[in-house]
Amino acid sequence: NDLLFVADQANLRIQVFQASTSSFVRKLGSKGSENGQLDTPEGLCLNPTTDELFVCEWGNHRVQVFRASTGG
């Protein structure tokens, strides 16, 4: 789908770019420990079949699942 996902540890979010143009599309997450919030995201895994983006967090010691296409 031409999207590139980047774990941005310094800003505690996932940045989404259009791969072909390198243009910023949106961000996922914000600082915190609630659902949808992140603390030191380190690893990403995308399942294109289910549209799930798995985000490993060092600070919250968990893995969260986002919808890759919408961010929810």
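The structure this text deals with has already been given above.
As the structure is a prediction and not an experimental result, all values here were calculated from the model.

Student: Tell me about the sheet that holds strand β4 (residues 41–47), and please be specific about residues and values.
Tutor: Taken in spatial order, the three strands make up an open sheet running β4-β5-β6, and their pairing is antiparallel. Two strands bound the open sheet, and with one partner strand each, they are β4 and β6 (62–67). When the angles between neighbouring strand axes are averaged without regard to direction, this sheet yields 25°. Here six bridges tie β4 to strand β5 (residues 52–57), and the two strands are oriented antiparallel to one another.

Student: With reference to specific residues and values, describe the sheet that holds strand β3 (residues 23–28).
Tutor: Taken in spatial order, the three strands of this open sheet run β1-β2-β3, and their pairing is antiparallel. Of all the strands in the sheet, the pair left with one neighbour each is β1 (3–8) and β3. Going from strand to strand, the sheet's axes swing by 25° on average, the running direction of each strand aside. Across five bridges, the pairing between strand β2 (residues 13–18) and β3 is antiparallel. Bridging from a neighbouring strand, Phe17 pairs with Phe24 of β3.

The rules we used
- Residues numbered from 1 in each chain as written.
- Predicted model: local features only at pLDDT ≥ 70, side-chain atom pairs only at ≥ 80, totals over all residues.
- Heavy atoms only, no water.
- Pairing = 2+ DSSP bridges.
- Helix = DSSP H or I, 4+ residues; strand = E, 2+ residues; numbered from the N terminus.
- Axes fitted to C-alpha atoms, helices over the stretch in contact; angles between N-to-C directions.

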